[in-house]
Amino acid sequence: WLRCRNHSEWFDYEMARSVKCCGCRQCNISFSSIVLFIVLSVGGEDQPDVSVVLSAYSQQGDPSLYQVYYSGLKKFIESVLDCHRAELSQLFYPLFVHMYLELVYNNHESEAKAFFEKFSGDQECYYQDDLRVLSGLTKKEHMKGNETLLDFRTSKFVLRISRDSYQLLKRHLQERQNNQIWNIIQEHLYIDIFDGMPRSKSQIDSMSGSLAGEARREANKAKVFYGLLKEPEIEVPLDDEDEEAENEEGKPKKKKPKKDSMGSKSKKQDPNAPQQNRIPLPELKDSDKLDKIMYMKEATKRIRLGPETLPSICFYTFLNVYQGLTAVDFTDDSSLIAGGFADSTVRVWSVTPKKLRKVKSAADLSLIDKESDDVLERIMDEKTASESKILYGHSGPVYGVSFSPDRNYLLSSSEDGTVRLWSLQTFTCLVAYKGHNYPVWDTQFSPYGYYFVSGGHDRVARLWATDHYQPLRMFAGHLGDITCTRFHPNSNYVATGSADRTIRLWDVLNGHCVRVFTGHKGPIHSLAFSPNGKYLASGSTDGRVLLWDLGHGLMIGELKGHTDTVYALKFSRDGEILASGSMDNTVRLWDAFKAFDDVETDDFTAATGHIHLPDNSQELLLGTYLTKATPVIHLHFTRRNLLLAAGSYNSQ
Amino acid sequence: MAEERRQKQCSVVLPTESMKAMAESVGVGQLQEDSCVALSEEVSYRIKEIAQDALKFMHHGKRRKLTTSDIDHALKLKNVEPLYGFQSQEFIPFRFASGGGRELHFYEEKEVDLSDIINTPLPRVPLDVSLKATKEQQKKESTEPLKAVKPGQEEEGSIQAKGQSATSAEVKGKEKLRMKPRSTHELSVEQQLYYKEITEACVGSCEAKRAEALQSIATDPGLYQMLPRFSTFISEGVRVNVVQNNLALLIYLMRMVKALMDNPTLYLEKYLHELLPAVVTCIVSKQLCLRPDVDNHWALRDFAARLMAQSCKTFSTTTNNIQSRITKTFTKAWLDDKTQWTTRYGCIAGLSELGADVIKTLIIPRLAVEGARIKAVMEGPVVSNIDKIGADHVQSLLLKHCASVVAKMRPAPDVMEQYRADFGYLGPMLCSHVVKARAQAALQAQTVNRTTLTITQPRPSLSVSQSGGVGGSGGPRTPSIIKVPSSLTLMSTRPATPTQPSPPATKYIVMATSAGAASTQQVITLSSSQSGSPVTSTVPSGSTSLQPLVKLESGGGTVAGSRPLQKYIVVSLPSSSSSSSSLEHKGGTTATSPVTIETSVKSERSESPATHTHSPH
């Protein structure tokens, strides 16, 4: 018995090692039984069209010749002119994958293995994650239910190649009668041919890396109304209020607030802005108006940031969470912090002296004089006042939290597949939105409230309205988990980042995908729109932050500096500074103004889409701030441009 | 290298023996080789799949470490039941063993006895999640104390330009948002050295150093940063030494408290919660020394009681109510019939030091009762020597403190019988004390009555120093030197601070000075019983500035057996003026000192024969 045991433990160890090989050295997994896995292999997964998809591989070629074909092509590509070589090199990866899969599908296991071993080293390093998946896949049976594989199959790998290079390739393949490769190119690849200069290696590298190649050109042609909505008639009370206030205080500042509020917002309709009622938005309530007025007032006291005036940073450290903090959000006015935890709880803290109070029970409420002026104060139960509240309800780690703009609600998304809406008046759960059956990685409220978006492991982002228990829109198209979701400031668009290393922008009105951004080399874990709605910043596990121009659908900047996953991105209130927070325990500040300014002048790039990124990360980096051992997982600029950061202290 | 790794990834498959072993473990006996191969490949693939999914959960959990719960979630994702109850917090729980030419890693599952689990005390409740705000202000001086900033309240002025140069590795000043903790600053290296020196000197064996250290504590203006450490040092020290009955160290610690209180630049309010319990312990503890019948722990109690009175006077406010709380504590302990004499003594001492009013309202009404109790011990059948000594001390204490108060309360003619009627057993004695007190009050109208001085070098150390012959070269008598904090020489009829009551020999900390070098003038001789010879610590002769002297002089010979009444002569002179005269004094065996004090109480106590004999064993 003891021997048996030891064997099984040996097995455990092997597994632990294989996991180690996957890149996490200190992981401490272990399995105590293998029965489960056997069951798994029998059960498989119910993917409807797997066999259909896979049948494309049924064509037979001589398996032993695959290596010859591939190395022949390799030789050819290496021999062509430099300017074409970079472009044609893009072919290596998709061809390699498809040839390998074909071998596997046709049960040429040993050939497949040899093929993989021989050529996997040639592939670009950013495909390593996918190669790892492929490496484990050695049998036809494995192909059923493998998601990565399905992604390869269901979507054609997109390559952008100049016409000259393409002709060169075509001629070569026809000369050699290399049908095997030609077939693959025909069937599984989508070659987007453009006229003009072939792209350089760096240009190609900056755009590639996604699971299914680059975005097709036409995918980014749709018009995006990235302008901001006009602020509705709130200014009138604002000015009144302000004048009253100013008159009390004295005259000196009288003109300033007016100018600011008039200048920055809604003088006339922005030509790039969507129509005011393109998406029906909730009516403003009196309390919302009051809040807007507060916002305006605060905004007048805002510090203008720039390379010379960097923001102060206030760090909120979560202590004693034992690595359990998974999500953080601040309210817009920075009065509350919500944290999602691995133990399924959501906690809300008040960071102002004002404590959190519940509304009294119904019985008590009926006793209140509803006509009194301080009725809002009276309905609160003073006995329940505390600095923090815990919300129980989820049954799995909470991966996303988001406050509603009016601070009355809180959304949380969890591993249990639900998104929950909590009332911050009663501190109870109001709704559990069920739709994602798999973990929901992120959720966010629209900047105007009412709508919210969620995305998760099922690769579908859903748009919800708080009063509907079913989603209003489903945004399908990503080939990997949707890891983060963000609303555009005008609430007409939703951006989603995915584990397939692409970012997509969806139109809320019709559910179309209007932008696909490729270029990240790892799953995207953070997104941020610039306050003017023109730009998008994204951060991924590779530690890079990329900047995108929504109007043109272009990558316009790359910020290198972080050494680990970027979990938090935020633009300052005026958009001059981009703050990024990462797992590498740093907050970095970037000169966003300069980053956008440098690129906008270049017309050629806008026309062709072939950007040439300046490598100016070091110039754009304004500051790096280290924490002791606290990964930064959320960033927030207060209305006065103080930077708030949050993370949990990690004692190891 | 990357290639190597990749190839490895490709080829890692579980060995077929593992399959067999696992099959056996679930009851499948004969597994064919082919099935083993097929299984192992399948299983390896699935495991990799699970591991890759688990990584996803790790990333979303914002961690760097894969946990078992990630695996569970990944299993759940595949519609497989997770492995319940398998948790491992920090490490890979595999044990390693080698045998039969192979290395084995196995998971050790110990048999756990449920009753053990039930009986073990509950572990500490893990701390709850809390939030802490830290401000990174855009200033270069990051060490300056930062202001807690509440969002929405930040000032415009708080944001300042910051150069690129200060970007890397900025140390953050951490600060709590709402509750400001008692600030314990990092001490500089110099301060740490100072702290070490001071604390060692205070509890060390060298009286000269101690005096110096105490004076430093009492006068140095820059100690506030070390205050938390001092207070912890004292409270911890008392806690430990009370248990070990180390009278000497307790006394030293109390003297530290005194010195801290004397320092005008220190604000002790915040540290009273540590200091006061320590002081109270020294007042009322049942046992403070190893030999309660002989050691003079009474003096410590007296001294601590005075400290307590002083702190009550200084720090008691309407909010903290120290005085009333302390009074209550003392009274309660005193009223209890079962309280031992030692504690009883401490309570009375503590109360009476609080002033005449307290004596009047709390002690005098109980004199009769207390008298009866004392009588029972003194005149009744001998219970134990300790009780008797205790009662004796309580009696003299009561008489001493009450006399002056009674003298003020009652009109002049003191009639013995009347006193007996009013105060019972203690009446007559009280009467005579009152008479004396009245006479003294008239006489000593202008005697300054301050409590400082601290010399009651008990005899044993004297006799030892002679018998051991240490310092023989230095002259007939080794002068012990104690530096008195202030240059004033003060006298007090009260028992002064006890310095060295026959100390338990084991507890001495010998300072890093050469022992036995008796050539220098300042030799302090302490008894140390293990060695049988006195440990002598020498003050480096370079430090001549601290040469105030204390001379010991005995009325008769200093033969150990004869036990004469001793006179303690205390000289403390400003170092500049006295150096010559002190040398003179040293030359003669019996020096004529400027001031001579006879501490009556001391000598009285030293009468108990065994008290001060130094016993080497």
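About the thresholds
Residues numbered from 1 in each chain as written. Chains lettered and ligands numbered in written order. Predicted model: local features only at pLDDT ≥ 70, side-chain atom pairs only at ≥ 80, totals over all residues. Heavy atoms only, no water. Helix = DSSP H or I, 4+ residues; strand = E, 2+ residues; numbered from the N terminus. Buried < 20%, exposed > 50% of the residue type's maximum accessible area, 1.4 Å probe, protein only. Contact = heavy atoms within 4.5 Å. Areas by Shrake-Rupley, 256 points an atom, 1.4 Å probe, with all protein chains shown as cover. Pairing = 2+ DSSP bridges. Axes fitted to C-alpha atoms, helices over the stretch in contact; angles between N-to-C directions. Lys, Arg positive; Asp, Glu negative; His and termini not counted. Salt bridge = Lys/Arg side-chain N within 4 Å of Asp/Glu carboxyl O. Polar contact = N/O pair within 3.5 Å; in protein donor to acceptor, adjacent residues only side chain to side chain. UniProt positions renumbered as here; feature names shortened; annotations may be inferred. Patch = residues over 30% accessible without salt bridge, like charges linked within 9 Å, V, L, I, M, F, W, Y side chains within 5 Å. pLDDT = per-residue confidence, 0-100. Core = buried A, V, L, I, M, F, W, Y, C linked by side-chain atoms within 4.5 Å. Phe/Tyr/Trp six-rings, centres within 6.5 Å; stacked < 30°, edge-to-face > 60°. Lys NZ or Arg CZ within 6 Å of the ring centre and 35° of its normal. Expected span 1.5 Å × (residues − 1).

This part covers the overall build of chain B. The helix and strand tally for chain B stands at 21 helices and seven strands. Each of the 617 residues in chain B was classed as buried or not, and the buried ones make up 50%. Intrachain contacts of chain B at a sequence separation of at least 6 include 68% that bridge at least 24 residues. In the form shown here, chain B has an accessible surface area of approximately 30100 Å², with 55% of it arising from carbon and sulfur atoms.

Here we take up the environment of Asp-414 of chain B. Tracing the chain through its elements places Asp-414 of chain B in the loop between helix H16 (385-409) and helix H17 (416-423). When the C-alpha positions of Asp-414 of chain B and Leu-430 of chain B are compared, they lie 9.7 Å apart, and in sequence the two are 16 residues distant.

A few words on the sheet that holds strand S16 (residues 460-465) of chain A. Residue and element names in this part refer to chain A. Ordered by their spatial adjacency, four strands build an open sheet running S14-S15-S16-S17, and the pairing between neighbours is antiparallel. The outermost strands of the open sheet, each flanked by one partner alone, are strand S14 (440-445) and strand S17 (473-476). For this sheet, the mean inter-axis angle between neighbouring strands, taken without regard to orientation, is 20 degrees. The pairing of S16 with S17 spans four bridges and is classified as antiparallel. What sits directly across from Leu-463, in S17, is Arg-473.

Residue and element names in this part refer to chain A. Tracing the backbone through its elements, the reader meets Arg-504 in strand S20 (residues 502-507). Buried and unpaired, Arg-504 has Asp-500 as its nearest opposite-charge partner, separated by 5.0 Å. From its side chain, Arg-504 meets the backbone oxygen of Gly-477 in a polar contact 3.4 Å long. Excluding residues that lie within four positions of it along the chain, Arg-504 makes contacts with Gly-477, His-478, Val-494, Ala-495, Thr-496, Cys-513, Arg-515 and Val-516.

Residue and element names in this part refer to chain A. Under the UniProt annotation, the feature "repeat: WD" (unreviewed entry) is placed at residues 325-359, 391-432, 433-474, 475-516, 517-550 and 559-591. Secondary structure within residues 325-359 divides into 0% helix and 60% strand; the distance between the first and last C-alpha atoms comes to 28 Å. Across residues 517-550, helical content stands at 0% and strand content at 56%; the span's end C-alpha atoms are separated by 10 Å.

Attention now goes to a nonpolar patch on the surface. Residues and elements named next belong to chain B. On the surface, a nonpolar cluster with roughly 440 Å² of combined accessible area is contributed by Val-112, Leu-114, Ile-117 and Ile-118. Locating Val-112 in the fold gives a position in the loop between strand S2 (102-107) and helix H5 (114-119). For Val-112, a relative accessible area of 56% gives the class exposed.

All right, on to the confidence of the model for chain A then. Residue and element names in this part refer to chain A. On average, residues of chain A score 79 in pLDDT, and 82% of them reach the 70 mark or higher. Confidence scores differ between elements of chain A, with helix H2 (residues 35-43) showing the lowest mean pLDDT of 31 and strand S10 (residues 398-403) the highest of 95. This model gives residues 1-49 a pLDDT under 50, and the stretch forms 104 contacts once residues within four places in sequence are excluded.

On to the pattern of salt bridges. According to the stated counting rule, one finds 45 salt bridges over all chains in the structure shown. Asp-332 of chain A serves as the salt-bridge partner of Arg-573 of chain A, at 2.9 Å between the closest nitrogen and oxygen. Linking Arg-573 of chain A in the loop between strand S26 (566-571) and strand S27 (577-582) with Asp-332 of chain A in the loop between strand S4 (325-330) and strand S5 (336-341), this pair joins segments that are 241 residues apart in sequence. Taking the relative accessible area as the measure of exposure, Arg-573 of chain A reaches 16% and is therefore buried. Residue Lys-196 of chain B is joined to Glu-200 of chain B by a salt bridge in which the shortest nitrogen-to-oxygen separation is 4.0 Å. Linking Lys-196 of chain B with Glu-200 of chain B, this pair stays in helix H6 (residues 189-203), spanning four residues, or about one helical turn.

Next up on the list: the nonpolar core. Residue and element names in this part refer to chain B. Membership of the largest hydrophobic core comes to 90 residues, with the highest contact counts inside it found for Ile-234, Val-238, Met-254, Met-308 and Leu-430. Counting residues per element, this core draws most heavily on helix H9 (residues 247-262), at 13 residues. The contact partners of Leu-430, leaving out residues within four places of it in the chain, are Leu-367, Leu-399, Cys-402, Ala-403, Val-406, Tyr-419 and Phe-423.

This part covers unusual backbone geometry. Even without being a glycine, Phe-427 of chain A presents a positive backbone phi close to 55 degrees. Mapping Phe-427 of chain A onto the fold places it in the loop between strand S12 (418-423) and strand S13 (428-434). With a relative accessible area of 9%, Phe-427 of chain A lands in the buried category. One non-glycine residue, Asn-245 of chain B, adopts positive backbone phi at about 55 degrees.

Below, the discussion takes up the confidence of the model for chain B. Atom-level detail of predicted coordinates should not be read off regions where pLDDT is low. Residue and element names in this part refer to chain B. For chain B, per-residue confidence averages 66 on the pLDDT scale, and 59% of positions sit at 70 or higher. Mean pLDDT in chain B bottoms out at helix H19 (residues 459-467), which sits at 36, and peaks at helix H4 (residues 68-77), which reaches 89. In the predicted structure, residues 1-8 sits below a pLDDT of 50 and forms eleven contacts with residues beyond four places in sequence or in another chain. Note on residues 450-617: pLDDT is under 50 here. Beyond four places in sequence and across chains, it has 287 contacts. Interface confidence in the predicted complex, given as ipTM, is 0.83; pTM for the same model is 0.59.

Residue and element names in this part refer to chain A. Sheet architecture is open: four strands sit in the order S10-S11-S12-S13, paired in antiparallel fashion. Bordering the open sheet on either side are S10 and S13, each of which pairs with just one other strand. Averaged over all pairs of adjacent strands, the angle between their axes in this sheet comes to 20 degrees, without regard to strand direction. Pairing of S10 with strand S11 (residues 409-414) involves five bridges; the strand directions are antiparallel. Residue pairing for S11: Ser-402 is matched across the bridge by Leu-411.

One pass over the structure, following the stated rule, counts 32 aromatic pairs over all chains. Their ring planes at 5 degrees and their centres at 3.6 Å tell us that Tyr-93 of chain A and Tyr-127 of chain A sit as a pair that is stacked. Within this pair, whereas Tyr-93 of chain A is found in helix H6 (residues 92-105), its partner Tyr-127 of chain A is found in the loop between helix H7 (109-119) and helix H8 (128-136), the two being separated by 34 residues in sequence. One exposure class covers both Tyr-93 of chain A and Tyr-127 of chain A, and it is buried. Centroid distance Tyr-450 of chain A to Tyr-451 of chain A: 4.9 Å. Interplanar angle 65 degrees. Geometry classified as edge-to-face. Here Tyr-450 of chain A falls in the partly exposed class, since its relative accessible area comes to 27%. Pairwise contacts between aromatic rings join Tyr-70, Phe-92, Phe-96, Tyr-100, Phe-115, Phe-116 and Phe-119 of chain A into one cluster. Of note, Arg-344 of chain B hangs over the ring of Trp-341 of chain B, and the distance from its end group to the ring centre comes to 5.6 Å. Above the ring of Trp-334 of chain B, the side-chain terminus of Arg-366 of chain B is found at 5.0 Å from the ring centroid.

To continue, consider the environment of Ile-193 of chain A. All names here are of chain A. Along the chain, Ile-193 falls in strand S2 (residues 189-194). We classify Ile-193 as partly exposed; its relative accessible area is 24%. If near-sequence neighbours (up to four positions away) are discounted, Ile-193 is found in contact with Ile-161, Ser-162, Arg-163, Tyr-166 and Arg-217.

The next point concerns H6 of chain B. Residues and elements named next belong to chain B. In a regular helix each residue adds 1.5 Å, so 15 residues correspond to 21 Å; H6 covers 21 Å between its end C-alpha atoms and thus fits that length. Those residues of H6 that sit buried are Gln-191, Tyr-195, Ile-198, Thr-199, Ala-201, Cys-202 and Val-203. Structurally, H6 contributes buried residues whose contacts are with helix H7 (207-219), helix H8 (227-243) and H9.

Right, let's talk about helix H13 (residues 341-353) of chain B for a bit. All names here are of chain B. Here H13 spans 18 Å end to end across 13 residues, near enough to the 18 Å set by a 1.5 Å rise per residue. Of all 13 residues making up H13, 13 are buried, and the element is well covered by its neighbours. Directly after H13, the chain includes Gly-355, whose backbone phi takes a positive value near 125 degrees.

Quick look at the pairing of strand S15 (residues 451-456) of chain A now. All names here are of chain A. Of all six residues making up S15, six are buried, and the element is well covered by its neighbours. Sheet topology places S14 next to S15; five bridges connect them, and they run antiparallel. Bridge pairing in S15 links Thr-443 to Ser-454. Between the antiparallel neighbours S14 and S15 lie five residues, among them Gly-449 with a positive phi of about 80 degrees. Both S15 and S16 contribute to a ladder of five bridges, which runs antiparallel. Considered in S16, the bridge of Phe-452 is made with Trp-464. Counting the residues that bridge the hairpin from S15 to S16 gives three residues, and of these Arg-459 lies at a positive phi of roughly 70 degrees.

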